[in-house]
Amino acid sequence: MYKSGLTIWYNVKNMDESVKYFTEGLGFSLDFKDEKQRIAIVTTNTKDCCIGFAEAETVAPVTSSAVFEVEDIEKAYVELKERGIHFTGEIETIPNLVKLVTFQDPDGNSFELSQTIAD
Amino acid sequence: MHVKEAIQFTHQLSGRWVMPILLHLHSSGGRFTPLQKKLEISPSRLSDNMTKLVSAEVVQRLTPYDRRHPLLPEYKLTPYGNSLLEIAMVIQSAEKAINHGPLHRKNWNWPILLALFHQYDRFQSILELLGKPSPRILSTRLKELCEMELVKKEIKEEPKLVYTYKINETYRSSMAVIWKEISEIEGNKPNTKD
């Protein structure tokens, strides 16, 4: 029934700012952009997983988080901070499970980095 | 629809932005920013106009929670809005056909033309049919329409002298076509449900 593919769509205030944030900031690549319709899609660290943006007059930030897996969360945290990503708090550890850190895009949507802790 | 309804509908369509918004909403996918770029209007001005159209029940605003997907419309036409769009399309091509545009930008132009076409030929009877305008605005518009040679002002000698207004001969057949098209449109009123 299913095939490989997952896209998370967000309403955003400004498509260009979001694209800049996700490409220059987070380091993902731009996949598609329609200047007239004001929509864009970026690819993520995972094959067939994309994030889509469409401009809207009213934006209600979503509370669920898209979580990106990283190799080394401390390193990623420092590197992304240098690139201007504003993290909401410090790295938190859920023992024997994951390390997490949260950040928000320009519209206040929540995202996280996660590093699975191997026993 | 009847002439009185047509007058109300065309009056609702007057102004700088109502017709362009209605005519381009669909091709913008009902979304705010594509519409804003297309019309080259400032976001705050478009926002104000949309708010007015929402309270006039011409369009319905969908909240971020009503929308299943960010690509779906933020605004959609109500049945009343759809009737207005049909009239807007007639007016748009009519203004091209009679080579006088954009008449709809100034209020009362189209209601006056419709009244004149239906043989309301005296100032007072036009004023009453239109309902709301001040005598001053009506006389200004009539004067402008006469200057554009769309309307002809004549003096009739009855027991006393009266002025009468007519659609200029040249435009009468165009007006007949326009009226036929408008009269065939179903006039959904505000509050009409889907």
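What this report covers is the structure whose coordinates are included nearby. If you're wondering where the values come from, they're calculated on a predicted model, not measured in any experiment. (Residues numbered from 1 in each chain as written. Chains lettered and ligands numbered in written order. Predicted model: local features only at pLDDT ≥ 70, side-chain atom pairs only at ≥ 80, totals over all residues. Heavy atoms only, no water.)

Further remarks concern the interface of chain B and chain A. Often, the extent of an interface is quoted as the loss of accessible area upon association of its parts. On the side of chain A, 13 residues touch chain B, which itself brings 17 residues to the contact. For the pair chain B and chain A, the summed buried surface comes to about 1300 Å²; carbon and sulfur atoms form 52% of the total. One can count 0 salt bridges joining chain B with chain A. Taken together, the links from chain B to chain A amount to 9 residue pairs in polar contact (both at pLDDT 80 or more). The element that contributes the greatest number of residues to the side of chain B that touches chain A is helix 3 (residues 32-39) of chain B, accounting for 4 residues. Tallied by class, the residues present in the side of chain B that touches chain A amount to 7 nonpolar, 5 polar and 5 charged. (Contact = heavy atoms within 4.5 Å. Buried area = accessible area lost by both parts, 1.4 Å probe. Salt bridge = Lys/Arg side-chain N within 4 Å of Asp/Glu carboxyl O. Polar contact = N/O pair within 3.5 Å; in protein donor to acceptor, adjacent residues only side chain to side chain. Helix = DSSP H or I, 4+ residues; strand = E, 2+ residues; numbered from the N terminus. Nonpolar A, V, L, I, M, F, W, Y, C, P; charged D, E, K, R; others polar.)

Side chains of B:Ile155, B:Leu161 and B:Tyr163 sit close together on the surface and give an oily, nonpolar patch of about 350 Å² of accessible area. The topology assignment puts B:Tyr163 in strand 4 (residues 161-167). (Patch = residues over 30% accessible without salt bridge, like charges linked within 9 Å, V, L, I, M, F, W, Y side chains within 5 Å. Areas by Shrake-Rupley, 256 points an atom, 1.4 Å probe, with all protein chains shown as cover.)

Strand pairing within a sheet occurs via backbone hydrogen bonds; the two strands may be parallel or antiparallel. Residue and element names in this part refer to chain A. Read across the sheet, 4 strands follow the order 5-8-7-6 without closing on themselves; strand pairing throughout is mixed. Looking at the sheet topology across the chains shown, the edges are occupied by strand 5 (66-69) and strand 6 (92-94). Strand-to-strand twist in this sheet, taken as the mean axis angle between neighbours without regard to direction, amounts to 30°. When strand 5 meets strand 8 (residues 110-116), the two strands line up parallel, connected through 4 bridges. The residue of strand 8 that forms the bridge with Glu 69 is Ser 114. (Pairing = 2+ DSSP bridges. Axes fitted to C-alpha atoms, helices over the stretch in contact; angles between N-to-C directions.)

Turning our eyes to something else, we now look at the pattern of salt bridges. One pass over the structure, following the stated rule, counts 16 salt bridges over all chains. Taking the shortest distance from any N to any O, the salt bridge between A:Arg38 and A:Glu55 comes out at 3.1 Å. Of the two residues, A:Arg38 is situated in the loop between strand 2 (30-34) and strand 3 (39-43) and A:Glu55 in strand 4 (residues 49-55); the sequence distance between them amounts to 17 residues. You'll find A:Arg38 and A:Glu55 in the same group, each marked buried. Note that B:Lys106 and B:Glu144 form a salt bridge whose closest N and O atoms lie 3.4 Å from each other. One end of the pair, B:Lys106, is in the loop between helix 5 (79-97) and helix 6 (109-117); the other, B:Glu144, is in helix 8 (residues 135-147), with 38 residues separating them in the sequence. Classification of B:Lys106 by relative accessible area gives partly exposed; the value is 40%. Among the ionic contacts, a cluster of salt bridges with common partners joins A:Asp16, A:Lys33, A:Glu35, A:Arg38 and A:Glu55. (Buried < 20%, exposed > 50% of the residue type's maximum accessible area, 1.4 Å probe, protein only.)

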